[in-house]
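# Summary of the model geometry
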Amino acid sequence: MVKDAEYSFEQLFEDFSKIGLERDGGITRLAYTREEEQAKLLLKKLSEDLGFTARKDNAGNLWIRKEGLDPDLPAVLVGSHLDTVPQGGAYDGAVGVLAGFECMRQLDREGFPNRHSIELVVFAGEESSRFNIATAGSKILVGKLDVEALKAAKDNKGISVYRALKQLGYDPDDLPGFAAEDYKAFLELHVEQNVILEREKLQIGIVERIAAPTRARIELHGVEAHSGACPMGERHDALAAAAEIILAVEKAGYKEKDHHTVATVGRCTVRPGVMNVVPGYTELLVDVRGVEKESILRAYEEIRSSASSIAEKRGIGLIFEHLSSENPVELDPEIINIIESICKEKEVPYKRMNSGAGHDCMNLAPLVPTGLIFVPSKGGISHNKNEFTDFGDIHAGIEVLKEAVKVLSA
Ligand SMILES: [Zn+2]
């Protein structure tokens, strides 16, 4: 356990890695549980030991503040999350939070005279594993989730986010809001969860855009028939049609490859699903993601038209249902430039890149100038106990984050 202000970042990281640690080495700190609270409480205590102020809001987010010389100026915000998936790793989320804390601790020790206050936010419930809602804490903050939505979203035991918040002592009838004018910038540091940085031997990724999904559900209605008695020419096989459509989805993704768009069929349900019946019904769930809206739409329209011609050719009924579309998020060009000049000056190997996964910062990006910094993930592994990032790379991330905070808060 860390005892005094002399503890190293490694010791700090080690302490948080023990919260929710399971016998097999995985870490389980699910959204809005005692374990997630315990991690926030430890950080709150360590922050108060250093003389920072700490407060929690009713979405379960924790806010830590190092007051600026001019407290009326908008603050520079850093942060990420401390919850995990079941049997997750020690790095996803925690690296960003603890890097933010470490920056504040170092600046405090160095006596850095920040005019703007510096704040660290720990967003609650970032992972969707428990309630099927991703980035809950930051969504509540910016008004994307209201109290009704929190009552409706339930875990597999039937406990809603609303009830979980109450059980932890929060008042979900009095949800917080985000006063954008109180903030100058938001910076999130996160593990990449992909292999690009490792493969290219780079320490920092400066994210330009975060991909967003457009989703559809395809129903195919064929005719169930005896797999022995029904001749090939007489069939309306819903699964064979689905097979062609799945390949068309893949092809649509490949066509937009240069625009970083990807297209996936992640689920296929077949009925009746027995060996001796020609399938009469198939359902496909399609997920198209990218960082360019036009490219996503081109792929999506191509999938829609291919599905309808394949179904028509085979005499199969088709229902193509649009489920959702989200807009890709662009991060702030000025913040990107600041981070890039720091990497150049410090000779930290970096590249500009996109993020396929969503993060809390995408909810704040439309409201406040926002930046996202990646550090490498070994083998791209994440949401897994084998998740790993070298401390050398984390320290490079801390240095870049700290310099960016200095530039922005000076
Ligand atoms: Zn994360």
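Below: a short report on this structure. Remember, it's a predicted structure, so these values are computed and weren't measured experimentally.

## Here we look at the coordination of the zinc ion
Six octahedral donors around a metal ideally make angles of 90 or 180 degrees; four tetrahedral donors ideally make 109.5 degrees. Taken together, the protein ligands of the zinc ion are H81 (NE2), D92 (OD) and H190 (NE2), with distances of 2.0 to 2.1 Å. Read in sequence order, the donor residues coordinating the zinc ion give the pattern H-x10-D-x97-H. Of the two residues, D92 is situated in the loop between strand 3 (75-81) and helix 3 (94-109) and H190 in strand 5 (residues 183-191); the sequence distance between them amounts to 98 residues.

## Describing the packing of helix 1 (residues 9-17) against helix 3
The description of two helices packed together rests on the angle between their axes and the distance between the axes. With their axes 11 Å apart at the nearest point, helix 1 and helix 3 run at an angle of 145 degrees to one another. Considering the relative orientation of helix 1 and helix 3, their crossing is right-handed. Each of F9, L12, F13 and F16 in helix 1 lies in contact with helix 3, whose residues at this interface are V95, L98, A99, F101, E102 and R105. Its residues assigned to classes, the contact of helix 1 with helix 3 comprises eight nonpolar, no polar and two charged.

## Here we look at the packing of aromatic side chains
By the definition in use, this model includes ten aromatic pairs. Between the aromatic rings of F9 and F391, the centroid separation amounts to 6.2 Å while the plane-to-plane angle is 85 degrees, which identifies the pairing as edge-to-face. Placement of the pair is F9 in helix 1 and F391 in helix 12 (residues 391-409), with a sequence separation of 382 residues. Among the aromatic side chains, those forming a connected cluster through ring pairs are F9, F13, Y91, F388 and F391. One Lys or Arg, K151, reaches over the ring of Y162 and ends 4.8 Å from the middle of that ring.

Reading guide: rules and limits
- Residues numbered from 1 in each chain as written.
- Predicted model: local features only at pLDDT ≥ 70, side-chain atom pairs only at ≥ 80, totals over all residues.
- Heavy atoms only, no water.
- Donors = N, O, S within 2.8 Å, 3.2 Å for Na, K, Ca; no water.
- Helix = DSSP H or I, 4+ residues; strand = E, 2+ residues; numbered from the N terminus.
- Axes fitted to C-alpha atoms, helices over the stretch in contact; angles between N-to-C directions.
- Left-handed = near helix turned anticlockwise from the far one by under 90°.
- Contact = heavy atoms within 4.5 Å.
- Nonpolar A, V, L, I, M, F, W, Y, C, P; charged D, E, K, R; others polar.
- Phe/Tyr/Trp six-rings, centres within 6.5 Å; stacked < 30°, edge-to-face > 60°.
- Lys NZ or Arg CZ within 6 Å of the ring centre and 35° of its normal.

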